Amino acid sequence: MALLKSHKVLHCLGNITPSLGVLSHRNSSWWGGVQMGPPDPILGVTEAFKRDTNPKKMNLGVGAYRDDQGKPFVLSCVRKAEALIAEKKLDKEYLPIGGLGEFSKACAQLALGANNEVLKSARNITVQTISGTGSLRIGANFLSRFHAGPLDVYLPKPSWGNHTPIFRDAGMQLKAYRYYDPSTCGFDFNGALEDISKIPEKSVILLHACAHNPTGVDPKPEQWKEIADIVKKRNLLAFFDMAYQGFASGDIDRDAWAVRYFIEQGHNIVLSQSFAKNMGLYGERVGGFTVVCKDSEEAKRVESQLKILIRPIYSNPPMNGARIATTILNTPDLRTLWLEEVHGMANRIIKMREQLVDGLKKNGSSHNWQHVIDQIGMFCFTGLKPEQVERLTKEFSVYMTKDGRISMAGVSSGNVGYLAEAIHAVTK
């Protein structure tokens, strides 16, 4: 009887029409207080470029390599590695939390050198990460939780735009040291030394291993030596971001020189690596994070905590890109081919720098453009002012970020002459 009455009550309630107040309450948004975020500056450049109907338009904002026809480039060694992997008919099981073991080993060897004392004594831990961004974030999270010194990270001014939110969102406090000199479009060596010498002990300093993004300005080896000396005297933790090994100069050992020198001088560094640029594995998201420790026992403890950090974020990294990179690095013929191809990519960028400067001179420019040649890697800080950048876009359909940074990968033998004419027109 009680059940019958309950059924009747429920039946009656089911026929009641909800009041407007209830409907209004149900329809109210949980997210009314969420404000519209600012657009990504590079994405905005790309969107404007797509809308432009000028057949001569150029997109110099995106940081991805293009061949001399302006097309995305897949390395032959990557295609060959994919074929070898496909033949093996491997499974799609989860990788371990730290990633593919063979990849992590090859990743560390590439960065540190196969015969490095750190590797021989097993006092490093390297985990596979979701490209360079994921590596930096895992590193930032680790520092935020375990670094014994101040939670201050000192970035070069300027630095890659994503460094700021990566470290900030991990709970680190952002500071800066002088790096780029706008008056010379080069390295502010004295300013950097002065600022680094004042950084509080045990703070974290972020260093671009090669092909500084966004300026393309790198310290010379003798300057690196002085930086390493001051970092050691101040007892700072050096966090290297190496996103362009091989892609900067075309020589994997030359591009890793600063990282190896710091270790040689007794610095127990942390290191982020990416295989997006140097293997063209952009969408595969392949990277590594390395901590150089005091000894192998400490390395095991650090590894255990890195796994604890990674597990609730993404459980384990994707396998396909790691398999490709590992196959290339561990197969002698493919490794040789890769070294040839990455050297070819770097040389094309260098050649475009030289042709751009030649074109500016031929157009009668009286400015000194030597910095375009002296800078290295994918990006060039042209020294163009925001109003000149605006004119380039409006009058010539040449798109770039407002700070005058251009991606040299977007320059080809077919459009470098047009770019030189355009830059000359807005700077004469």
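Here, every reference points to the structure presented above.
Here, residues in each chain are numbered from 1, in the same order as that chain's written sequence. Residue-level local features of this predicted model are given only where pLDDT is at least 70; pairs of side-chain atoms are given and counted only at 80 or more, and the full residue set underlies all totals for whole chains, interfaces and linings. Based on all heavy atoms of the structure, the side-chain values leave hydrogens and waters out of the count.

### Description of the sheet that holds strand E3 (residues 152–157)
To summarise the sheet geometry, strands pair through backbone hydrogen bonds and adopt either a parallel or an antiparallel arrangement. We count it as follows: Two strands pair under a simple rule: DSSP has to find at least two bridges between them. A run of H or I in DSSP becomes a helix once it reaches four residues, and a run of E becomes a strand once it reaches two; helices and strands are each numbered from the N terminus. To get an axis, a line is fitted to the C-alpha atoms, and for a helix only the part in contact is used. The angle between two axes follows their N-to-C directions and goes from 0 to 180 degrees. Contacts: residue pairs with any heavy atoms within 4.5 Å of one another.
Ordered in space as E2-E10-E9-E8-E7-E3-E4, the 7 strands form an open sheet in which the pairing is mixed. Each edge of the sheet is formed by a strand with only one pairing partner; in this case those strands are strand E2 (124–130) and strand E4 (173–178). Direction aside, the axes of adjacent strands within the sheet are offset by 25° on average. Where E3 and strand E7 (residues 204–208) come together, 2 bridges link them in parallel fashion. Among the inter-strand pairings, Tyr154 is bridged to a residue of E7, identified as Ile205. On the sheet, helix H14 (residues 296–314) packs against E2 and strand E10 (286–292) and is oriented at approximately 15° with respect to E2.

### Comments concerning the side chain of Asn116
The following threshold applies: Relative accessible area decides the class of each residue, using a 1.4 Å probe on protein chains only: under 20% of the type maximum gives buried, over 50% gives exposed, and in between gives partly exposed. Here a polar contact means two N or O atoms within 3.5 Å. Within protein one must be a hydrogen donor candidate and the other an acceptor candidate, and residues neighboring in sequence count only if both atoms are side-chain atoms.
Residue placement: Asn116 occurs in the loop between helix H5 (101–112) and helix H6 (117–120). Taking the relative accessible area as the measure of exposure, Asn116 reaches 13% and is therefore buried. Side-chain polar atoms of Asn116 contact the backbone nitrogen of Val118, separated by 2.9 Å.

### With respect to the pattern of salt bridges
Two side chains with opposite charge may pair up if their charged atoms get near one another. Applied cut-off: Any carboxyl oxygen of Asp or Glu that lies within 4 Å of a side-chain nitrogen of Lys or Arg is treated as forming a salt bridge with it.
According to the stated counting rule, one finds 17 salt bridges in the structure shown. The salt bridge involving Glu303 is made with Lys307; its shortest N-O contact spans 3.6 Å. In this pair, Glu303 and Lys307 are both assigned in helix H14, 4 residues apart and thus about one turn of the helix distant. The exposure class of Lys307 is partly exposed, given its relative accessible area of 31%.

### Observations concerning the packing of aromatic side chains
Applicable threshold: Working definition: rings of Phe, Tyr and Trp (its six-membered ring) pair if their centres are within 6.5 Å, and the pair is stacked with planes under 30 degrees apart, edge-to-face with planes over 60 apart, and tilted otherwise.
Scanning the entire structure with this criterion turns up 16 aromatic pairs. Residues Tyr65 and Phe247 carry aromatic rings whose centres are separated by 5.9 Å and whose planes lie at 85° to one another, so their mutual orientation is edge-to-face. Here the residue Tyr65 occupies a position in the loop between strand E1 (58–59) and helix H4 (76–88), and Phe247 occupies one in the loop between strand E8 (237–242) and helix H11 (252–255), the gap between them amounting to 182 residues. For Tyr65, a relative accessible area of 6% gives the class buried. Residue classification places Phe247 among the buried positions, given a relative accessible area of 1%. Where Phe240 meets Phe262, the ring centres are 4.9 Å apart and the plane angle is 85°; that geometry is what we call edge-to-face.

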